[in-house]
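Residue strings, one per chain:
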Amino acid sequence: MSSKPVGYITRIEKFSACHRLHSPFLSNEENVIVYGKCNNENGHGHNYTVEVTLRGPVEEDTGMVENITELKRAMQIAIMDVLDHKNLDKDVPYFKNVVSTTENVSVFIWNNLTLHLEKPSLLYEVKVHETDKNIIAYRGEVIEA
């Protein structure tokens, strides 16, 4: 059995979107307390930066974990086409009953990428920078409640 080095490749995209942090499971008063100014009835916007990392063996024949062109294609379809210049709460059906926090945006992107990557098993991490100071990472992990 031969061994192959493991590599990580990351591609970055940026998109702009607006949203309102408002949970249908909380009262209006609770939403204001929990989300503060981010509960503004008219919403607010972000210039998000998304890092998608694939992890896998460096293939001997290509010298790559995955062709970056394939990752770029999947990110265009799974992220840019559905999120860029959108109102997350009104334009993206996933967020109809899911609060559009950056945590949930990360989960949405992960799930959507798995539908569009040729090798979804290589998906290692989705990292979303909501601001320069607020960054969420998601690796597909779940905890049974």
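Quick note: structure is the one above.
Computed from a predicted structure; not experimentally measured.

Caption draft 1: Examining the environment of Glu66 more closely. Following the sequence through the fold, Glu66 ends up in the loop between β2 (44-57) and α2 (68-83). For the pair formed by Glu66 and Gly7, sequence separation is 59 residues and the distance between their alpha carbons is 9.6 Å. Leaving out residues up to four positions away in the same chain, Glu66 has contacts with Ile9, Leu54, Lys119 and Leu122.

Caption draft 2: Region of the structure containing the pattern of salt bridges. According to the stated counting rule, one finds 4 salt bridges in the structure shown. Here Glu13 makes a salt bridge to Arg11, at a shortest N to O gap of 3.1 Å. Classification of Glu13 as buried rests on a relative accessible area of 16%.

Caption draft 3: A look at the environment of Ile135. By secondary structure assignment, the location of Ile135 is in strand β5 (residues 135-138). On the basis of relative accessible area, Ile135 is assigned to the partly exposed category, the value being 41%. As a C-alpha pair, Ile135 and Leu83 span 52 residues in sequence and 17 Å in three-dimensional space. In this structure, Ile135 is in contact with Lys127, Val128 and His129, ignoring residues within four places of it in sequence.

Caption draft 4: A look at the pairing of β2. Counting buried residues along β2, 10 of its 14 residues qualify, which places the element largely inside the surrounding structure. Relative to β2, strand β1 (residues 6-19) runs antiparallel, the two being bridged by 14 bridges. Paired with Ile12 across the bridge in β2 is Glu51. Note that β2 and strand β4 (residues 123-129) share 6 bridges and pair antiparallel. Looking across to β4, one finds that Val52 is bridged to Val126.

So, how was this worked out
Residues numbered from 1 in each chain as written. Predicted model: local features only at pLDDT ≥ 70, side-chain atom pairs only at ≥ 80, totals over all residues. Heavy atoms only, no water. Helix = DSSP H or I, 4+ residues; strand = E, 2+ residues; numbered from the N terminus. Contact = heavy atoms within 4.5 Å. Salt bridge = Lys/Arg side-chain N within 4 Å of Asp/Glu carboxyl O. Buried < 20%, exposed > 50% of the residue type's maximum accessible area, 1.4 Å probe, protein only. Pairing = 2+ DSSP bridges.

By themselves, these figures tell us nothing about what the structure is for.
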